[in-house]
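Overview (structure and organization)
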Amino acid sequence: MANNDTAFRLRLIGPFRLERPDGTRIEISSKRSQALLAMLACAGSGERSRPWLQDRLWGARAPEQGAASLRRELSNLRQLVNVDGTEWLLSAHGRVWLNLDCVDVDCRRLDLLPDGELLEGIDIPGEEMFEDW
């Protein structure tokens, strides 16, 4: 688990919120980017395959369009979060993962009692597989 003093903080219970270690908020306006980070953060190892993510977030699109959209979303996210020498969103060989040593995720902490729903207010119209997740 990440050290709370040096880790980014990802809040998924209640409204989505992402903060740098100094408490500065990182604005992630894309609902799909928020959902992508949540799906990785909630995975046991912090890792998912690209096809799995693509099916859940862009399953309504043609496979080529979905793959391109995932690449673009990951590129945009990396520019926002992989800063100051810390790379905690990574991908290689058909998989995407979070370096969980660099990010504190509220729903991964056993001592946290949820006071809200996961990803409160996030809906991705037309993506039934996201809804099922």
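Refer to the preceding data block for the structure.
Okay, so let's go over this structure.

Each value, and the rule that gives it
Residues numbered from 1 in each chain as written. Predicted model: local features only at pLDDT ≥ 70, side-chain atom pairs only at ≥ 80, totals over all residues. Heavy atoms only, no water. Axes fitted to C-alpha atoms, helices over the stretch in contact; angles between N-to-C directions. Helix = DSSP H or I, 4+ residues; strand = E, 2+ residues; numbered from the N terminus. Parallel < 35°, antiparallel > 145°, perpendicular 65-115°, else oblique. Left-handed = near helix turned anticlockwise from the far one by under 90°. Contact = heavy atoms within 4.5 Å. Nonpolar A, V, L, I, M, F, W, Y, C, P; charged D, E, K, R; others polar. Expected span 1.5 Å × (residues − 1). Buried < 20%, exposed > 50% of the residue type's maximum accessible area, 1.4 Å probe, protein only. Polar contact = N/O pair within 3.5 Å; in protein donor to acceptor, adjacent residues only side chain to side chain. Salt bridge = Lys/Arg side-chain N within 4 Å of Asp/Glu carboxyl O. Phe/Tyr/Trp six-rings, centres within 6.5 Å; stacked < 30°, edge-to-face > 60°. Lys NZ or Arg CZ within 6 Å of the ring centre and 35° of its normal.

Attention now goes to the packing of helix H1 (residues 31-42) against helix H2 (residues 50-58). The geometry of H1 relative to H2 is characterised by a closest axis approach of 11 Å and an angle of 140° between their N-to-C directions. By the angle class used here, H1 and H2 are oblique. Considering how the two elements wind past one another, H1 and H2 form a crossing that is right-handed. Side by side, H1 and H2 meet where Arg32, Ala35, Leu36, Met39 and Leu40 of the first sit next to Trp52, Leu53, Arg56, Leu57 and Trp58 of the second. Classifying every residue of the contact of H1 with H2 gives eight nonpolar, no polar and two charged.

When the terminal C-alpha atoms of H1 are compared, their 16 Å separation across 12 residues agrees well with the 16 Å that a helix rising 1.5 Å per residue should span. Burial analysis of H1 places 10 of its 12 residues in the buried class, which makes it a mostly covered element. Along H1, the residues that are buried comprise Arg32, Ser33, Gln34, Ala35, Leu36, Leu37, Ala38, Met39, Leu40 and Ala41. Two to three positions downstream of the cap, the backbone nitrogen of Arg32 sits 3.3 Å from a side-chain oxygen, assigning the N-cap of H1 to Ser30.

Another point: the pattern of salt bridges. Enumeration according to the criterion identifies five salt bridges in this entry. Salt-bridge contacts for Arg25 lead to Glu27; the nearest nitrogen and oxygen are separated by 3.4 Å. Overall, the relative accessible area of 57% leaves Glu27 in the exposed class. Because the salt bridges share partners, they merge into one network encompassing Arg9, Arg17 and Glu19.

What follows deals with the packing of aromatic side chains. Within this structure, the stated rule accounts for one aromatic pair. Ring centres of Phe8 and Trp88 lie 5.4 Å apart, and the angle between their planes is 45°; this geometry places the pair in the tilted category. You can see Phe8 sitting in strand S1 (residues 8-11) and its partner Trp88 sitting in the loop between helix H3 (63-81) and strand S4 (89-92), a full 80 residues away along the chain. Accessibility expressed as a relative area gives 4% for Phe8, which makes it buried. Lying across the ring of Trp97, Arg95 places its NZ or CZ 4.1 Å from the centre.

None of this, on its own, says anything about what the molecule does.
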